[in-house]
Amino acid sequence: MIMKRLLSALFIFQSLLCSSAAEQPFIPQPAEYTVNDGFFIIPDSLKISSNLSPSLTNQIISELEHPFKISENNPDIILSLDPSIGEEGYTLNIKPKSIQISASNDKGLYYGIQSLYQLFNQNGRKNKTIQSCYINDYPRFQYRALMLDPVRYFIPKEEVKKIIDIASSLKFNTLHMHLSDDNGWRLEIKKYPKLTEVGAWRVEREEYFPGRMNQQSPEEPTPVGGYYSQEDMKEIVEYASEKYINVIPEIEMPAHAAAAIASYPELACPVVDKFVGVFPGIGGPDASIIMCGGNDKVYDFYCDVLDEVIDIFPSQYIHLGGDEADKSIWKQCPLCNSRIKNENLDGYEGLQAYFMDRINSYVKSKGRTSMGWDEVTYGNPKEEMVILGWQGDGNVAVKDAAKSGRKFIMTPAKTLYLIRYQGPQWFEPMTYFGNNTMKDAYEYEPVKENWSPELKKLLLGIQGSLWTEFCNSDQDVEYLLFPRLIAIADASWRPEKSANYQGFLNALDNFLPELDKREICYAKSMYNIQHKALPTGESVKLDLVCERPDVEIIYSTENGEEKFNNPLFFSKPVKLTANTYLDGKPVGKELQLNLNFNSATGKKVSSKNCKNNISEVLTNGLRGSEKHSDFEWAGWHGEDAEFIIDLENSQKINNCILGTIGSSDFCVAMPSEVTIFGSEDGKNYSFISSFKTPEELIYAKGAQKFDINFGNLDVNARYLKFVAKNPGRVPEGFPRWGAPVWIYFDEVIVN
Ligand code: ACM
Ligand code: ZN
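Residues numbered from 1 in each chain as written. Chains lettered and ligands numbered in written order. Predicted model: local features only at pLDDT ≥ 70, side-chain atom pairs only at ≥ 80, totals over all residues. Heavy atoms only, no water.

## Considering the overall build of the chain
Inference 1: Counting its secondary structure elements, the chain contains 19 helices and 38 strands.
Inference 2: The C-alpha radius of gyration computed for the chain amounts to 29 Å, which stays within 12% of the reference 27 Å derived for 751 residues, consistent with globular compactness.
Inference 3: When its C-alpha atoms are laid out on the principal axes, the chain stretches across 95 × 75 × 50 Å.
Inference 4: Burial status across the chain gives 59% buried among its 751 residues.
Inference 5: Considering only intrachain contacts with a sequence separation of at least 6, the fraction spanning at least 24 residues in the chain is 71%.
Inference 6: When the accessible area of the chain is evaluated, it comes to approximately 30800 Å², of which 50% is carbon and sulfur surface.
Inference 7: Side-chain charges of the chain comprise 77 positive and 101 negative groups, with the mean position of each set lying 3 Å from the other. (Helix = DSSP H or I, 4+ residues; strand = E, 2+ residues; numbered from the N terminus. Rg over C-alpha atoms; globule rule 2.2 N^0.38 Å. Buried < 20%, exposed > 50% of the residue type's maximum accessible area, 1.4 Å probe, protein only. Contact = heavy atoms within 4.5 Å. Areas by Shrake-Rupley, 256 points an atom, 1.4 Å probe, with all protein chains shown as cover. Lys, Arg positive; Asp, Glu negative; His and termini not counted. Charge placed at Lys NZ, Arg CZ, Asp CG, Glu CD.)

Right under this line is the structure:
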C-alpha cells in the first residue's frame, strides 16, 4: 500500500514537473498548473452560470469569442466569487463535464477567462476539446504596465484600443500615456485651448527624429500632429477599464514642455526672448527652455490642467514627468533665483523638488498619488511620489528607495525601453541605442540578490516603455511593441525565479497566430542571426547565434549547404549566406557575409580604451553597416583611439586602409587625424604615415562610411600602431551639441 502511494506521489510529482515547466501553454505563465485526466468537449454554444450581474458576465464571457447563453441549467462554465482568493488571482478547474473559474472579484474572473481563451484558441485554430487541468494563478507584481508615447508619433484612438485589447489579454493592468512633451501636447484642455490648437501641431521635417533640429520659424505651417479630445480620451479610459486596464496620464513638468510653451510662451522664464515652436525632433539647445519655476502662473497652469486631467482619468496615479530638466535657463532667470532665495531652497535641484512638491500637494489634495521619472529624486521631494526607474538599469530609483522608502517601478532603458533595436541591427529599421531583444525582456529580473526584504516590498512592478521617435505609422508602433510586450507580460506575472525560456518560446509559437488574427504587424527579429567574427591569430572564427536556440541554422558557401553546429574557421575569402529554420521552413532574414582577407585579417588586435570592447572586429574580414552600433564597429568615446595589429612576421607593407564612419544624428564623428606607426619588436615604433580628415567631413550631416586610404607606403613592419584623434565635442547645430563624440572603426586593410 505504502509502495503504491509512493509510486502515485512520484507520478503526480512527475506530471507536475512536466506540465508546469516545459509544456504549459499559457502566456503569461501561471503560478501553478496541473494536467488532469480527461477532456472537456467544447459545445457549439456554452451555458454560463455566474455570480456576477448579467451585464458583467456578458462582458467577461464575450472575451472567449465563442457563442454562449447565461443558464443555471447544467452550465458548461461556472463563474463564482470566492473571497478567499487574492486580488487579481483566480482558479481555473477544467473537468470533463464543466469548467469552474473562481476569483474574489470580476477582474480575477476576467483573467481566468483570458487563460481559458488561450486553451480554446491554440496555434491559430479553435480547439474542439481541451485537456482537463487545474490552474491556481496570481500575478507576481501588482503593477504590470505598458507606456505609450503618442507625442512623437500621434497614435490614433482606434490603434490605442487595439493595443489595449492585446495588452489586457496578456493580463497587463496599466497603460501609462505620455501625453505631453516638446513634440506635442495630445490632450484637449478646455481652459487652455491653445494647447491643442497650437501645441498639438508641428512642422513637417523629413529626416530621422534626431536630425530634425531645424526648428519651426514663426510663420511656418504646422500640419503634423493630432490630439485626443476629452471625449476621445474618456472613451479610451472607459474602454480600457472594461478590460481591467487603468490608464495613467502623464503631464510633463518642468521640462519636456516645449509644446505647452509654444502655446503659452509666458510660461517660460522671462529671460527666454526667442520664438518657441513645437519641436519637430530633438531640441538641441532649445531643450533647456523649460517651465519657469519662479512664476506662480506656471503652478496655476498645471493645477488647472490637472483639474481637467483628474476629471477624465479615475486613476489613483497621476504622472508628473520630471525627467531631464536642464537647469541652464533657470540659472539665468531672476524669478527662479528669487524663488530659491525666498523659499531657502537647495539650489536648482531644490527648485525642481519644490516644483514637484507644489504640484504634488495639489494632486494629493484631490485624493490622488503622483508618479515621476527617477530624476525627481535628485532634489529629494518631500511629498510621497512613486518613482519610475529608467536610467541605466533603474539604479537611481533603487538607490532612492533604499534611502527614502519611496515606492518604485522598474522600466530600465537598458532592457525595457522598446524603442531600442530588438535584434541583429543589419535587419532592423533605424532606431536609437543598443539592442533590447525579446529574450532580454523575457529574462528581465528587477530584484537583485542583495536587496533587503524592505526594498523588495517597495517595488510595485515593471513597465515596458515605448518611445515613438522612430515611428511614422501604426505598423511601426506595433513592430516595436511585439513580440517584446508578450515577453514583458510574462516577466511581470510569472512567479519569481520561474523563467523557462524554451517553455516560453513554445507557448509563444502558439500565441503568435493570435497576433496575425488581430492584424498586428510584429517583428520577426527573434529568428535573425547575429554573427560574431573574431580573429584567432591564424584565421577568423565565425559564430552564428540566434536568439531562439530551437531553430536550425543552415549556411551555405561555394562548398554547399551545411547545418551550423559549431564555430567555423576561415583562412581564405568566403561568401557565406545563412538562415534559420523551424520545422524545415526558413523563418529569418538571410544573412549574407562577405569575408575578405588581407594581410591583417585574422591577426590579433590590442587596444587602449575601446569603449565597446570589440576592437577585435578591426581584423575580422567583415565590414560594418551604416549603423555604427551594429557590433561591427569598434568605438572610442570622448578619447583618442589607439590600437595595434600584430602581423606575426615582418613584411613589406604597400598600402593600408582604415574604415571609419560619421553619423551626425548620433554623436559619431570621423577622427580628425590618424597616424600609423610601425615596429619590428612591438616596442620601438616609428612614423609611417598620417591622414588629416578634411574639416567638412569630420562632422558631415547624416551617416556615411569613409575609408581612409594611406596611399603607397612601401615600408617593412611586423606591428602596426594606429593613433586616431578624437575631434572632441559635437559642434553647434547637431543633436546633443557639446557632448563628447564617438569615433568608430570597422576594419584595417593591409596589403
Ligand atoms: C526618459 O526616458 N527621459 C524618461
Ligand atoms: Zn524662471
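## A look at the packing of aromatic side chains
Inference 1: Summed over all chains, the structure comprises 33 aromatic pairs.
Inference 2: Relative to Phe301, the ring of Trp185 has its centre 6.2 Å away and its plane inclined at 65°; by these criteria the two rings are edge-to-face. You can see Trp185 sitting in strand E13 (residues 184-185) and its partner Phe301 sitting in helix H8 (residues 296-312), a full 116 residues away along the chain. The same class applies to Trp185 as to Phe301, namely buried.
Inference 3: Between Tyr299 and Tyr354, the ring centres sit 5.9 Å apart and the planes meet at 80°, which makes this aromatic pair edge-to-face. Here the residue Tyr299 occupies a position in helix H8, and Tyr354 occupies one in helix H11 (residues 347-365), the gap between them amounting to 55 residues. Grouping residues by exposure puts Tyr299 and Tyr354 together as buried. (Phe/Tyr/Trp six-rings, centres within 6.5 Å; stacked < 30°, edge-to-face > 60°.)

## As for the pairing of strand E16 (residues 246-253)
Inference 1: Where burial is concerned, most of E16 is hidden: seven out of the eight residues are buried.
Inference 2: Here strand E11 (residues 174-178) pairs with E16 via five bridges, running parallel. Paired with Thr174 across the two strands is Asn246, which belongs to E16.
Inference 3: Here E16 pairs with strand E17 (residues 317-321) via two bridges, running parallel. Note on E17: the bridge partner recorded for Glu250 is His319. (Pairing = 2+ DSSP bridges.)

## Details of the side chain of His256
Inference 1: Structurally, the position occupied by His256 is in the loop between E16 and helix H7 (258-263).
Inference 2: Overall, the relative accessible area of 11% leaves His256 in the buried class.
Inference 3: Here the side chain of His256 touches Asp181 through a polar contact of 2.7 Å, side chain to side chain.
Inference 4: Engagement of the side chain of His256 in a polar contact is seen with the side chain of Glu324, the distance being 2.8 Å.
Inference 5: Once you skip the residues sitting within four places of it in the chain, His256 turns out to touch Arg152, Ser180, Asp181, Asp182, Asp323 and Glu324. (Polar contact = N/O pair within 3.5 Å; in protein donor to acceptor, adjacent residues only side chain to side chain.)

## Quick word on the sheet that holds strand E1 (residues 32-41)
Inference 1: Taken together, seven strands build an open sheet; the order of strands is E1-E9-E5-E6-E4-E2-E3 and the sheet is mixed. Two strands bound the open sheet, and with one partner strand each, they are E1 and strand E3 (68-70). Each neighbouring strand pair of the sheet contributes to a mean axis angle of 20°, computed without reference to strand direction.
Inference 2: Of the strands in this sheet, strand E2 (46-50), E3 and strand E4 (77-81) are in contact with helix H2 (residues 54-61), which crosses E3 at around 160°. (Axes fitted to C-alpha atoms, helices over the stretch in contact; angles between N-to-C directions.)

## A few points about the packing of helix H17 (residues 484-493) against helix H18 (residues 501-517)
Inference 1: Running from N to C, H17 and H18 point in directions that differ by 130°, and their axes come no closer than 11 Å. With respect to H18, the axis of H17 lies oblique. Considering only the axes of H17 and H18, their crossing is right-handed. Of the residues in H18, those touching H17 at Ile486, Ala487 and Asp490 are Phe504, Leu508, Phe511 and Leu515.
Inference 2: Grouping the amino acids of the contact of H17 with H18 by side-chain chemistry returns six nonpolar, no polar and one charged. (Parallel < 35°, antiparallel > 145°, perpendicular 65-115°, else oblique. Left-handed = near helix turned anticlockwise from the far one by under 90°. Nonpolar A, V, L, I, M, F, W, Y, C, P; charged D, E, K, R; others polar.)

## Quick notes on helix H6 (residues 230-242)
Inference 1: In this model, H6 (13 residues) spans 18 Å end to end at C-alpha, consistent with the 18 Å of a helix rising 1.5 Å per residue.
Inference 2: Those residues of H6 not exposed but buried are Gln230, Asp232, Met233, Ile236, Val237 and Ala240. Each buried residue of H6 lies within a common arc of 160° when the element is viewed along its axis, so the set occupies one face.
Inference 3: Packed against the buried residues of H6 are helix H4 (157-169), E11, E16 and H8.
Inference 4: Once H6 ends, the next one or two residues include Tyr244, with phi positive near 60°. (Expected span 1.5 Å × (residues − 1). Arc of directions from axis to C-beta.)

## Looking at the coordination of the zinc ion (ligand 2)
Inference 1: Protein-derived coordination of the zinc ion (ligand 2) comes from Cys269 (SG), Cys292 (SG), Cys333 (SG) and Cys336 (SG), at a distance range of 2.3 Å.
Inference 2: Classification of the site at the zinc ion (ligand 2) as tetrahedral follows from its four donor atoms and the range of 106 to 114° in their angles at the metal.
Inference 3: Positions of the donor residues of the zinc ion (ligand 2) along the chain correspond to the pattern C-x22-C-x40-C-x2-C. Here Cys292 is found in the loop between H7 and H8, whereas its partner Cys333 is found in the loop between helix H9 (328-332) and helix H10 (334-342), with 41 residues between them in sequence. (Donors = N, O, S within 2.8 Å, 3.2 Å for Na, K, Ca; no water. Tetrahedral: all angles 85-135°; square planar, octahedral: opposite > 155°, others 65-115°.)

## Considerations on the sheet that holds E11
Inference 1: Spatial strand order, E10-E11-E16-E17-E18-E19-E20-E23: eight strands in a closed barrel with parallel pairing. For this sheet the average axis-to-axis angle between neighbouring strands, irrespective of direction, equals 30°.
Inference 2: As paired strands, strand E19 (residues 385-389) and strand E20 (residues 408-410) are joined by three bridges and run parallel to one another. Considered in E20, the bridge of Gly389 is made with Met410.

## Some thoughts on unusual backbone geometry
Inference 1: Of note, the amide linkage connecting Met253 to Pro254 takes the cis form, showing an omega dihedral of -20°.
Inference 2: Relative to the helices and strands, Pro254 is located in the loop between E16 and H7.
Inference 3: Of note, the bond from Phe482 into Pro483 is cis; its omega dihedral lies within 30 degrees of zero at 10°.
Inference 4: Structurally, Pro483 can be placed in the loop between helix H16 (474-481) and H17.
Inference 5: Despite not being glycine, His256 shows a phi value in the positive range, around 50°.
Inference 6: In the Ramachandran plot, Glu648 falls in the positive-phi region, its phi being about 75° despite a non-glycine side chain.
Inference 7: Inspection of the secondary structure puts Glu648 in strand E34 (residues 641-663).

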